[in-house]
Structures are given as C-alpha cells and as structure tokens.
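Structure at a glance
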Amino acid sequence: MAQVEADARAVEAASVSFVEAARLAALQEMRRDHRVWVLGEDVARGGLFGQYGGFLDEFGPDRICSTPISESTIMGAGLGAALVGTRPIIEMRIFDFAMCAMDELVNQIAKIRYMFGGQAKPAVVVRMPFGIWRNSAAQHSQMLEAWFAHLPGVIVATPSTPQDEAGLLVSAIRCDDPVIMFEPKLLFTDKAPVADPIEPIPFGEASHLRHGNHLTIVTWSSMVPRCREAAEELQAKGVEADLIDLRTIWPWDRFAVCNSVARTRRLLVVHEAVSAAGFGAEIVAHVTETLGPGALRAVRRLGAPRVPVPFSPAIESEITISRDRIVQVALDVAGKAAA
Amino acid sequence: MRNTVPRRLELFRTMWRIRAFEEEALDAHRAQEIAGPLHVSIGQEAVSAGLCINLETADRLTSNHRGHGHVLAKGADPKRMLAELYGRADGYCGGKGGSMHIADFSVGMLGANGVVAGGIPIAVGAAQGLKLLGEKALVVCIFGDGAVNRGPFLEGFNWAALFRLPVLFVCEDNGVAAFTQTATMTAGPGIVARAQSMGVEGRSVDGNDVVAVDEAVAELVEAIRATGEPRFLHAQTYRLMGHTSTDAAAWRSQEEVQSARQSEPIGRLRALLLEEGCSERDLDGIERAARQEMQEARRFAQAAPWPLPEDAFSDVQDIGAEAWRR
C-alpha cells in the first residue's frame with residue numbers, strides 16, 4: 001500500500017535532475033538527523049554542481065562546512081568526526097581528487113571498523129562525481145570504481161537515475177558502514193520524477209529495466225541510458241535484450257545476473273571504465289564460475305581502451321562507448337548479423 | 001595540585017607500568033609468543049604519563065604505531081592490550097588489530113595507527129565532530145617526528161587553526177624516523193616553527209623530564225579548554241630500543257645510548273623523588289607492583305582463547321543493518 005502511494009506521488013512530482021535529486025535526499029536526511037553534516041571544498045557556496053544549493057542558509061557553516069583544498073584531511077576528518085558520533089557526508093569535488101586522500105580512504109576508513117574489532121562506526125558517505133564530462137581530460141574524467149569494489153570494508157554505489165541516486169544516498173547516509181557514491185557527471189542533468197519522501201534503496205538490488213530472452217546486458221551508472229537506447233534499437237532489429245542496471249557494484253546483485261544469464265545464455269557487460277581489469281571482468285568470472293563455462297554461448301565486455309582519457313573532442317569520442325557500438329556488439333553476442 | 005609528591009608518585013607509577021608493559025611484550029616477542037612487528041617505547045614513558053595525567057576520560061586520543069604507552073596511560077586495561085598483542089579473542093580488537101591498532105573507545109582512545117601521520121586528520125575531525133555535537137572534550141593527537149614531513153601534518157594543523165578546534169598536537173620527538181635521523185631529512189627552522197607558521201601556538205619541552213611535561217601539558221590543556229583553539233607540544237625524548245623489536249639498532253654508537261640512559265625519564269624522576277624524601281623501598285615497591293601487574297597480564301594473554309575461524313568475517317560491511325533496510 002505504501003509503495004502504491006509512493007508511486008502515485010512520484011508520478012505527480014515534477015521531474016528533477018540527478019543533481020537536484022541528490023540535493024533533496026541530503027536535505028531530507030539533514031533535516032531528519034542533526035548529526036548529518038557535509039564537508040568539502042566549496043560546499044557552502046552550493047557545491048561544484050549546485051548539489052548543496054541553499055544549505056548554508058538552512059544549516060549554517062558548521063553543518064555545511066567549506067574546507068581548504070586538503071583532500072587527505074577532508075577524508076580523514078570525516079572519519080574522525082564519525083568516530084565521535086556524527087554522520088558526515090564527505091564531498092570529494094570530483095573523484096580524481098580522492099587520489100590525494102587514498103590513505104585516509106583505503107588504510108583508515110575501509111579498515112577501521114574491522115581493525116578495531118568492531119569498536120569504530122565509520123558512518124561516512126564519500127560522494128565522488130566521476131566519469132567523462134565535457135572534455136575535462138585525463139585528471140578530471142576517471143572511472144576507477146573497480147578499485148573500490150576490490151577494497152574490503154566499503155560499499156560502492158553506482159546509480160544511474162535521479163530516483164536511484166536519491167534513494168541510495170539516503171541509504172548511504174543511514175548506513176553505519178562507509179559508502180562510496182560514484183555519481184556520473186554525464187547524467188547530472190538527466191531528469192526524472194523523484195518520490196517524496198525519498199525512501200532508502202537497499203544496496204545490492206539491481207533494477208531490471210527490460211525483459212528479453214536473446215541476451216543479458218549488465219551495466220551501471222553512465223552507460224545505463226545508452227544501453228536502454230541500444231536495447232530499443234535491438235528490439236527494432238528483432239533482438240530482445242534483458243537489461244540489468246546493477247545500481248551498486250558492491251554488493252552487486254549476483255542473483256539477478258545469474259538468473260538472467262541462465263535463461264539467455266548470452267552475456268554482455270557494458271561499462272564506461274577501462275575494460276582491462278574492470279568490474280566487468282568480475283561479473284564474467286562470477287557468472288562463469290556459478291553457471292559453468294558450458295552454460296554460456298557468448299560473452300563480451302564492452303569498456304574503454306586502456307588509455308588515459310584524452311581532451312580533444314575528436315579523440316575523446318573515440319574512447320567513449322556509443323549506442324551504436326553497444327548495438328553492434330550486442331548483435332554479435334546475440335548471434336545475429338548486424339543489420 | 002601540581003608539583004606535589006603524590007602527583008609525582010602517580011607519574012612514576014604510570015611510567016613504570018608502561019616500562020614493565022613494554023619489557024613484558026618484548027620478552028614475549030623474543031619468546032615467539034607474539035607475532036608480527038612490535039614497536040616499543042622504552043625511554044619515552046614521560047610523554048605518555050605527563051600528558052594523560054591532564055586528560056579526562058571523555059577527552060579523545062589518537063596515537064601512532066608506537067602507541068602502547070599512550071593507550072595504557074589513557075586508561076586502557078593492560079590485560080586486554082597484551083591479549084591483543086597475542087592475537088587473542090579477549091584482546092581489545094578481538095585479535096584483528098595487534099600491536100599497531102589498539103583502540104579502547106570506552107576510555108576515549110580512538111586508536112593507534114600504522115601509517116605515519118595517519119592519526120592527524122582523524123584527530124582534527126574528531127574535534128570538529130565534538131564541537132558540532134556541543135561536547136566539551138578535547139582531542140589529543142600524538143605523532144612522531146617523522147610525521148612532520150608528511151602532508152597531513154600541514155593540512156591538519158592548518159585545519160585545526162582555521163576552524164578553531166580543541167586539539168592538542170603532541171610531537172613525541174625521539175629524533176629518529178624508523179632508521180634515519182630526522183634532522184637529516186627536515187629542512188627549515190624546526191618543528192615548533194612549522195606549527196606556528198600555520199597558526200598553532202607551540203612550545204618545546206624536555207620530554208624526558210616528566211614534571212616539565214606535566215606542567216607544559218597542564219598549561220596547554222588549560223589554554224585549549226579556555227579558548228577552544230589548538231596548541232602544540234614538542235617533546236624531545238629518546239628511543240632506547242630500535243625501530244622494531246628485531247632491530248638491534250647497531251647503527252647507533254654505544255656512547256650515544258649510554259649517554260641517553262643517563263637521562264632516561266624514570267631514573268630522573270626516581271632521583272628527584274628520593275631527594276624529596278621518598279624511600280627506596282616505596283619506589284622499588286612501585287616498580288615491583290608494575291612488573292607483577294604486567295606478568296599477570298601476560299598470563300591472562302597466554303591463557304586467552306584464539307579467535308574462532310568465523311571471527312575473520314565479523315566486524316566488516318554490515319550491509320544488513322536495520323537502519324537503512326526499511
């Protein structure tokens with residue numbers, strides 16, 4: 001019943017952008033819980049993308065705290081503040097700058113609960129806008145989410161829609177474990193309705209976006225809309241794709257993926273990140289181990305080549321994955337010649 | 001209440017408890033009862049004792065890889081500390097942390113740290129969190145001289161001064177960063193000058209003179225509680241042992257070590273207490289009691305159970321937590 005009401009409100013609600021959805025989620029949680037606060041560069045003036053617009057007026061500079069360009073300390077101070085009972089949202093400006101805070105993220109945040117035998121409650125959310133966006137070149141475009149799926153101790157969220165971003169962010173803020181929110185810059189202006197209030201979305205539950213029997217396409221984050229378009233085009237060509245948006249890559253919905261592939265016996269993983277040693281490799285390995293190599297008729301990964309992201313529009317587009325490429329590879333996987 | 005014989009006896013007792021703990025741990029390591037690297041702080045006891053005597057339980061502390069003395073002085077139970085060194089289930093971290101990662105949140109000890117300067121950002125964040133929650137406690141951050149050449153030192157001091165956070169930074173300067181003389185790796189006019197350049201008032205003290213440490217910390221803590229602003233204490237001391245228990249420190253001259261033994265903190269305070277009329281017998285009794293306490297702690301650790309195999313999988317990523325699964 002509650003779900004029906006929520007859906008009705010969602011339909012009535014005006015569409016909001018991905019960034020605005022996140023803003024509403026953070027706003028809701030900061031109003032609900034006085035222990036929630038934000039720290040990061042430029043957050044008091046609204047954040048780099050406007051994701052904290054208006055927060056300074058409502059919460060004041062202690063709870064929407066603009067910091068020096070000190071990534072190690074932004075990350076580490078967030079952890080320290082969590083250890084005394086607050087629930088910080090750590091804003092990394094863009095993902096690439098988290099490289100300056102890797103010790104605090106990898107050696108401290110991810111380890112501290114385990115290392116101290118459960119005494120620590122590292123209830124931090126690390127927000128990381130990531131991915132290719134407006135020809136920003138090699139140090140402002142990275143997609144290294146697979147690193148963090150490899151890192152024990154953290155949850156890795158990779159939403160693709162305003163509703164999922166909002167719901168996962170609410171879950172992240174309420175979670176006592178560290179959650180890394182990989183937020184795709186490419187989709188920041190995408191609009192969709194968001195329910196009010198924003199309900200938490202459980203980690204590890206995929207969205208099953210389309211149902212089909214010819215092949216399974218697994219994707220997340222920025223590639224979701226392109227895979228949707230590709231699936232529509234495939235349908236026009238007589239190929240029915242089962243399309244799964246993982247929403248979180250750790251934990252990830254192995255059940256949904258294996259169930260689907262057991263039926264279609266054909267798997268295509270699409271991600272914006274470099275293909276080599278990317279998270280697609282983990283998915284393919286897991287499916288193969290679970291179902292057995294004989295269960296699969298065709299398997300492919302579609303990701304970026306192993307080069308840094310170039311600046312020039314003429315070559316940046318060369319390494320990004322277009323709808324047409326997805327369609328082409330999907331047709332291969334589905335066993336039908338390209339039209 | 002400072003400069004009284006009872007207070008000095010308390011400092012003497014704390015220093016002996018630390019010394020006895022470290023010697024017991026070292027002995028256990030040599031007997032192969034303890035695995036892994038062990039960094040003992042023999043010779044540096046005055047900093048822990050003079051510092052923690054001025055703290056409340058609610059005051060938080062972050063420490064470094066050579067932190068046994070800090071943890072013990074803050075009020076932790078040596079039985080559970082040694083059990084942690086032994087990797088046993090009764091240890092503070094259930095055997096998951098070991099020597100470099102002892103924490104006791106119940107006494108405000110937010111954990112030792114295996115990364116040099118790793119505790120600095122955590123400490124300033126803890127202070128910021130306490131301020132946000134309206135709690136009056138302060139945070140003490142202890143690090144070694146090696147940490148002043150890492151970025152988080154610069155960031156953390158700037159941060160604490162900028163946001164006016166109640167942090168007492170303590171550099172426990174034993175002059176050696178792992179195996180290298182820190183002075184050969186550190187440019188500029190010194191550590192206190194670095195702190196001051198970032199807006200944190202600081203002072204140096206003879207870290208082997210526990211009475212001087214006590215007085216300096218008392219003043220700094222008072223200033224922090226009065227102003228809510230950070231302060232820095234630079235305490236010069238000496239590490240009588242090598243970097244780890246397997247390092248014989250043969251790279252130092254015997255003259256240097258002999259000279260350092262003359263000025264080690266326990267002997268100095270003992271001489272002072274004798275001058276002030278304490279008896280040899282009473283002071284020996286304090287030493288004996290400390291050794292007995294740590295021998296008992298070692299027996300506790302030896303008898304403590306090992307973690308169960310399934311314990312390897314607890315205390316990590318509790319994604320089923322009720323809070324968000326609604």
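Treat the numbers as computed from the prediction; the structure is a model and nothing was measured.

**With respect to the interface of chain A and chain B**
Counting from both sides, the interface comprises 49 residues of chain A and, opposite them, 44 residues of chain B. Here chain A and chain B share an interface that buries about 3800 Å² over both sides, 65% of which is from carbon and sulfur atoms. A per-residue breakdown of the area chain A buries against chain B is headed by Val84, Tyr114 and Gln119 of chain A, which together make up 18% of the total. The interface formed by chain A and chain B contains zero salt bridges.

**Brief notes about the side chain of Gln28 of chain A**
All names here are of chain A. Following the sequence through the fold, Gln28 ends up in helix 2 (residues 18-32). Accessibility expressed as a relative area gives 18% for Gln28, which makes it buried. Within the structure, the side chain of Gln28 is placed 3.0 Å from the side chain of Glu29, a separation counted as a polar contact. Ignoring sequence-local partners within four residues, the contact set of Gln28 consists of Val170, Arg174, Pro197 and Ile198.

**Things to note about the pairing of strand 13 (residues 266-274) of chain A**
All names here are of chain A. In terms of residue burial, strand 13 counts as a mostly covered element, since eight of its nine residues are buried. Here strand 10 (residues 215-219) pairs with strand 13 via four bridges, running parallel. Each residue of the ladder has a partner; that of Thr219, found in strand 13, is Val270. Bridge analysis of strand 13 against strand 14 (residues 298-304) gives six bridges, and the strand direction is parallel.

**Comments concerning helix 8 (residues 210-227) of chain B**
Residue and element names in this part refer to chain B. For helix 8, which comprises 18 residues, the first-to-last C-alpha distance of 25 Å matches the rise-based estimate of 26 Å (1.5 Å per residue) to within 8%. Among the residues of helix 8, Val210, Val211, Ala212, Val213, Asp214, Ala216, Val217, Ala218, Leu220, Val221, Ala223 and Ile224 are the ones counted as buried. On its buried face, helix 8 sits against helix 1 (5-30), helix 2 (45-52), strand 3 (167-173), strand 6 (201-206), strand 7 (231-236) and helix 10 (265-275). In the stretch just after helix 8, Gly228 is the one whose phi turns positive, near 75 degrees.

**Here we look at the pattern of salt bridges**
All names here are of chain A. A full pass over the atoms with the stated rule returns 39 salt bridges over all chains. A salt bridge links Glu165 to Arg127; its shortest N-O distance comes to 3.8 Å. Of this pair, Glu165 sits in helix 8 (residues 162-174) while Arg127 sits in strand 5 (residues 125-130), and the two are 38 residues apart along the sequence. Classification of Arg127 by relative accessible area gives buried; the value is 1%. The closest approach of N and O atoms between Arg323 and Glu233, which form a salt bridge, is 3.2 Å. Taken together, the positions of Arg323 in helix 13 (residues 323-334) and Glu233 in helix 9 (residues 223-236) put the pair 90 residues apart, joining distant regions of the chain. Its relative accessible area of 34% is what places Arg323 among the partly exposed residues. Salt bridges here are not isolated pairs; linked through shared partners, they connect Glu91, Arg127, Glu165 and Glu183.

About the criteria used
Residue indices begin from 1 for each chain and proceed along its sequence in written order. Whichever chain is written first is A, and whichever ligand is written first is 1; the rest continue in order. The model is predicted, so local features are restricted to residues of pLDDT at least 70 and side-chain atom pairs to those at 80 or more, both for listing and for counting; the totals for chains, interfaces and linings are taken over all residues. Excluded from the side-chain calculations are hydrogens and water; all other atoms, namely the structure's heavy atoms, are used. Whether two residues are in contact is decided by their heavy atoms: any pair within 4.5 Å suffices. Summed over both partners, the accessible area (1.4 Å probe) lost when two parts come together is defined as the buried area. Any Lys or Arg side-chain nitrogen found within 4 Å of a carboxyl oxygen on Asp or Glu counts as a salt bridge. Only DSSP runs of H or I covering at least 4 residues are called helices, and only runs of E covering at least 2 are called strands; the numbering of each starts at the N terminus. Accessibility here uses a 1.4 Å probe with only protein chains present; expressed as a share of the type maximum, an area under 20% marks a residue as buried, one over 50% as exposed, and anything in between as partly exposed. Here a polar contact is taken to be a pair of N or O atoms separated by no more than 3.5 Å, where protein atoms must pair a possible hydrogen donor with a possible acceptor and residues adjacent in sequence count only if both atoms sit in side chains. Between any two strands, pairing holds if DSSP finds at least two bridges. Take the residue count of a helix, subtract one, and multiply by 1.5 Å to get its expected span.

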